[in-house]
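One letter stands for each residue in the lines below.
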Amino acid sequence: MIQNLLRVEKYFDSPTEKLQVMRETLNQASGDLILKAHKPHISVRNLNVYLAKKHILKNVSLDIPDKAITCIIGPSGCGKTTLLKTFNRLLQNSVDVKIEGDVLVDGENIHGKEVEVESIRKKMGLLSQRPCPLPMSIYDNIAYGPRIHGIRRKKTLNLMVEKYLREAGLWDEVKDRLKSPATSLSIGQQQRLCLARGLAVKPEIILGDEATSALDPISSKKIEELFVKLRDQYSIVLVTHTLRQARRIADYVIFMYLGEVIEAAPASEIFSNPKEKLTKEYLDGYFS
Amino acid sequence: MNTIRYNKYRQAKEFLIRHIMLLLTLVSLTFAILIGISLYYKSVPILDHQSIWGLLSGSSWRPLKGEFGFFPFIMGTLWVTILAVIISLPLCLLAAIYLSEYAHPYIKKIVFPMIDVLAGIPPVVYGVWGILAVVPFISEKLAPHFVEFSTGYSILAGGIVLAIMIIPLMISVFIEIFDALPGGLREASLSLGATNWQTIKKVVLRKSFPGLAAAVVLAISRAFGETIAVLMVCGNVSEVPKSLFDPAYPLPALIANNYGEMMSIPLYDAALMLSALLLFVIILAFNAISRLVLIRIERNFAL
Amino acid sequence: MRHIRIKRIEEKIFKGLMIVATLAIVVSLFLIIVAIVRRGLPVMSWDMISKIPTGGFYLGKEGGLLNAIVGSLYIVVGSISLGLFFSLPIVLYINLYLPEKSRLAQFTRLSFDVLFGIPSIVYGAFGFTIMVYLGIRTSLLAGILTVTMLIIPILIRSIDEVIRRVPKEMKDAALSLGATRSEIIKPILRQVAPGIVTAILLSVGRGIGDAASVLFTAGYTDSIPTSLSQPVATLPLAIFFQLSSPIAEVQDRAYAAALILTVIVLILSIAARFYSRKFSKNKI
Ligand SMILES: Nc1ncnc2c1ncn2[C@@H]1O[C@H](COP(=O)(O)OP(=O)(O)OP(=O)(O)O)[C@@H](O)[C@H]1O
Ligand SMILES: [Mg+2]
């Protein structure tokens, strides 16, 4: 199998193609290699987060692989949302927050002095639990991001709107009513709109916080398929409560418990053969 | 390259907006202090002339002779205010309990907008109503039973008009306080077999007492500063009133009535500004205390 | 058993009293409106709202209230615009820039709650001292400035209430696209637009009806001002001054003005309800 991998390394120039083939090759194989094939996109080192003096994230260290789907699982209140919000520095908005440790995105510390919050956030699209369209038309929702980043040309915007709506699988459903308010869409469509809106600022990472839990099964499946489709271009981090979803789409899984990372491993490994007792108990549904 | 420049521009814009807003906010916080200082500054001449206690306890008001005794005005204000609270407090308390504990949502839907309208009616219209309805009622129907003669322009008229004016404020704060009580409290009491009314008496009212008190203080300070309506129906005679049917001359009315001539008589403007300062300080203190209490309550109940 | 019966009777009595109290409040509203309409309606005429008074507001028998209607309109439009200009940045700052439980935000809210309680006569007196200090006469400008001070707390409190209710997710959604905080102002304002309309309607009601603040500062005149430095008539003062006239026709104008003011306030109240169907503390 190593041989195979080396062959892959040789014969494919485009990285996405390479990954595609690698994935197929490694379909059943040890996931460790997957991680090695993907360099880490986000690295967290000794992260401690305190909210209102409460110690929420305890000495978290982990790597989020590049161009793969990482699922964060764990019981309610264990700090998954907090972790996601630390990634794009949205935590700072709320009550007195203390953050220690490093979060490196592409090797750059996001809490560094000269880092612009906006450029960090631009790198990461966020998909929240409830779809949250902005109070404007469908078109303007997508165009909002490009516009604030300085794109004004009508033609470019039109093209972008179409491209990202297509990418989110929404174009055919809304192309005739781009000017109607975004809230007139169904919840599932709204969530895809939010995804398209996030993609339109050309992020490298997509963060999803239980992005499908408010949706009906069909919409949720559509979103899931989108994630799978997008994983070649983006690093995707999903918080999820549905283990089955994690099993279906995750390449890499992080299990958290009470603010600590208990286990982080490739999906195949963690689901078939968890190292920690806690992980096993959680996966077996002893607690949730 | 272009994007970097664009981002620089965005950052600069953000910086500018942020700091202008901060500046405005900070400046707005000095506003109350500014009012206090400027009113004080304007009333210094009379404070130099006479001690504050002398002014407050003096009962002779003869600006032309340089005598400025505020006592009748303070008494007038107190009488009218206290009367207004005595009338409106039981009404508001009963109505607020009814609306928040008993009334069908349908009734609330009808009554709340009416309270809003009552709150929106301008003071001067209340004054007109006082003149049209309350004053004649007192002089023709009510006063003859008690005193020989009353014009109707009296403490009673002022108190009644003012009572209705402070009802919206009082009732809405009351209702807010009742609504803020955790629902579990009521259920706990009810599940022990207490009746609805017992629960209200023993649990709801007791638990919300500090809030109710704060609301009353808020209403008092509103009544204290009300000017035009009271001025229109109180009679405005600068003597210490002795009965409800006597006219009175509350402080705000004093200021409003004499602004025209105050510039021509020495110390007169200082005396009027002093009364404005008095009103300001007292109402500021009352408001600050009751708002703090209300904020505390909101926070405690929110947990 | 008897014990329980007494309790039931007590509850019945109090419930009866409560209903009576509620009815009394509702009835008093009707009494006020009926009194104003009964006196004001017979003296209403087209001239009343389309003509300025002739021969002196206190003595002239002819003419109407156009000067006061237009004057009040000028004052309200001016002070609402000025008020929004100051209060929007403050509300946005404490909601978007400061963290949720920031001391500064709490203190700002408290201080505007308190300023909200300061009576308009004090604002009037303060405005007057400022006027004297700056050497301006009673004028439209001075009136606008004073009414602005009066309504800023109302605007801030009620806009703050709606902006605070904007879901955090919405702010986060816009921010996570890489927007700066000042760039998310636009969508947020759009979201709370109905709330802002309500706030404006409330302030219009307060600003148009308040007499004590304009008494010292706006002056009174029979004509319609053509510049900011001229004095201006207002509806509440039209009522206040003309009511004390010895001439019946002039008094009639006061009652007509009271009717106009009441109708305006009723319309504003209905409109505000249309925009926000919530019983809000800021109505008071
Ligand atoms: N603003 C806050 N102040 C204090 N504690 C907070 C705050 N926000 C969250 N917490 C606490 O932080 C912990 C982690 O919260 P978080 O929302 O990250 O959990 P979660 O794993 O996302 O849970 P869920 O699966 O229910 O969404 C919880 O115990 C929560 O009570
Ligand atoms: Mg969560």
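Only a predicted model underlies this, so the values are computations on that prediction, with no experimental measurement involved.

Caption draft 1: Expanded view of the interface of chain B and chain A. In this assembly, four residues from chain B lie in contact with seven residues from chain A. Counting the surface lost from both chain B and chain A, the interface buries some 480 Å², and carbon and sulfur atoms represent 36% of this. Counting the surface chain B buries against chain A, the share from its top three residues, Tyr6, Arg10 and Gln11 of chain B, is 84%. The tally of links between chain B and chain A comes to zero salt bridges. Between chain B and chain A we count five residue pairs in polar contact (both at pLDDT 80 or more) in total.

Caption draft 2: Layout of the packing of aromatic side chains. All names here are of chain C. Throughout the structure, instances matching the rule amount to 18 aromatic pairs over all chains. Look at tyrosine 93 and tyrosine 97: their rings are 5.5 Å apart centre to centre, the planes differ by 15°, and that puts the pair in the stacked class. On the criterion of helical spacing, the pair formed by tyrosine 93 and tyrosine 97 is a turn pair, its members being four residues apart in helix α3 (residues 66-97). Each member of the pair tyrosine 93 and tyrosine 97 is classed as buried.

Caption draft 3: Geometry of the domain arrangement of chain C. All names here are of chain C. Along its sequence, chain C is organised into domain 1 (2-43) and domain 2 (57-281). Look at where the C-alpha atoms of domain 1 and domain 2 centre, and you get two points 32 Å apart. Here domain 1 packs against domain 2, burying approximately 630 Å² in sum over the two surfaces, 79% of which is carbon and sulfur. Among the residues domain 1 hides against domain 2, the three largest losses belong to Ile36, Arg39 and Val43. Together they make up 64% of the total.

Caption draft 4: Spotlight on the site of ligand 1. All names here are of chain A. In the vicinity of ligand 1 lie 13 residues, with Ser76, Gly77, Thr81, Thr82 and His241 positioned nearest. Within the contact set of ligand 1, an oxygen atom lies 2.7 Å away from a backbone nitrogen or oxygen of glycine 77. At 2.7 Å, a side-chain N or O of histidine 241 approaches an oxygen atom of ligand 1. For ligand 1, whose unbound accessible area comes to 630 Å², protein coverage reaches 65%.

Caption draft 5: Region of the structure containing the packing of helix α11 (residues 235-243) of chain C against helix α12 (residues 248-275) of chain C. Residue and element names in this part refer to chain C. α12 packs onto α11 with a crossing angle of 150° between their chain directions and a minimal axis gap of 8 Å. In terms of their interaxial angle, α11 and α12 are classed as roughly antiparallel. Relative to α12, α11 is oriented so that their crossing is left-handed. Contact residues: α11 offers Leu235, Pro236, Ala238, Ile239, Gln242 and Leu243, while α12 offers Val250, Gln251, Arg253, Ala254, Tyr255, Ala257, Ala258, Ile260, Leu261 and Ile264. Classifying every residue of the contact of α11 with α12 by side-chain character gives 13 nonpolar, two polar and one charged.

Caption draft 6: Layout of a nonpolar patch on the surface. All names here are of chain C. A cluster of nonpolar side chains, contributed by Ile130, Tyr133, Leu134, Ile136, Leu141, Leu145 and Leu228, occupies part of the molecular surface with about 650 Å² of accessible area. When residues of the nonpolar patch are traced back to their parent elements, those giving at least two are α5 (120-134) and α6 (140-164). By the secondary structure assignment, tyrosine 133 is in helix α5.

Caption draft 7: Representation of the pairing of strand β1 (residues 40-51) of chain A. All names here are of chain A. When you tally the buried positions in β1, you get nine out of twelve residues, the bulk of the element. Relative to strand β2 (residues 54-65), β1 runs antiparallel, the two sharing eight bridges. Note on β2: the bridge partner recorded for valine 49 is leucine 57. Two successive antiparallel strands, β1 and β2, enclose a turn made up of two residues, where alanine 52 displays a positive phi of approximately 45°. By the bridge criterion, eight bridges tie β1 to strand β4 (residues 97-105) in an arrangement that is antiparallel. Among the inter-strand pairings, tyrosine 50 is bridged to a residue of β4, identified as lysine 98.

Each value, and the rule that gives it
- Residues numbered from 1 in each chain as written.
- Chains lettered and ligands numbered in written order.
- Predicted model: local features only at pLDDT ≥ 70, side-chain atom pairs only at ≥ 80, totals over all residues.
- Heavy atoms only, no water.
- Contact = heavy atoms within 4.5 Å.
- Buried area = accessible area lost by both parts, 1.4 Å probe.
- Salt bridge = Lys/Arg side-chain N within 4 Å of Asp/Glu carboxyl O.
- Polar contact = N/O pair within 3.5 Å; in protein donor to acceptor, adjacent residues only side chain to side chain.
- Phe/Tyr/Trp six-rings, centres within 6.5 Å; stacked < 30°, edge-to-face > 60°.
- Helix = DSSP H or I, 4+ residues; strand = E, 2+ residues; numbered from the N terminus.
- Buried < 20%, exposed > 50% of the residue type's maximum accessible area, 1.4 Å probe, protein only.
- Domains from an automatic or database assignment.
- Near = heavy atom within 4 Å.
- Areas by Shrake-Rupley, 256 points an atom, 1.4 Å probe, with all protein chains shown as cover.
- Axes fitted to C-alpha atoms, helices over the stretch in contact; angles between N-to-C directions.
- Parallel < 35°, antiparallel > 145°, perpendicular 65-115°, else oblique.
- Left-handed = near helix turned anticlockwise from the far one by under 90°.
- Nonpolar A, V, L, I, M, F, W, Y, C, P; charged D, E, K, R; others polar.
- Patch = residues over 30% accessible without salt bridge, like charges linked within 9 Å, V, L, I, M, F, W, Y side chains within 5 Å.
- Pairing = 2+ DSSP bridges.

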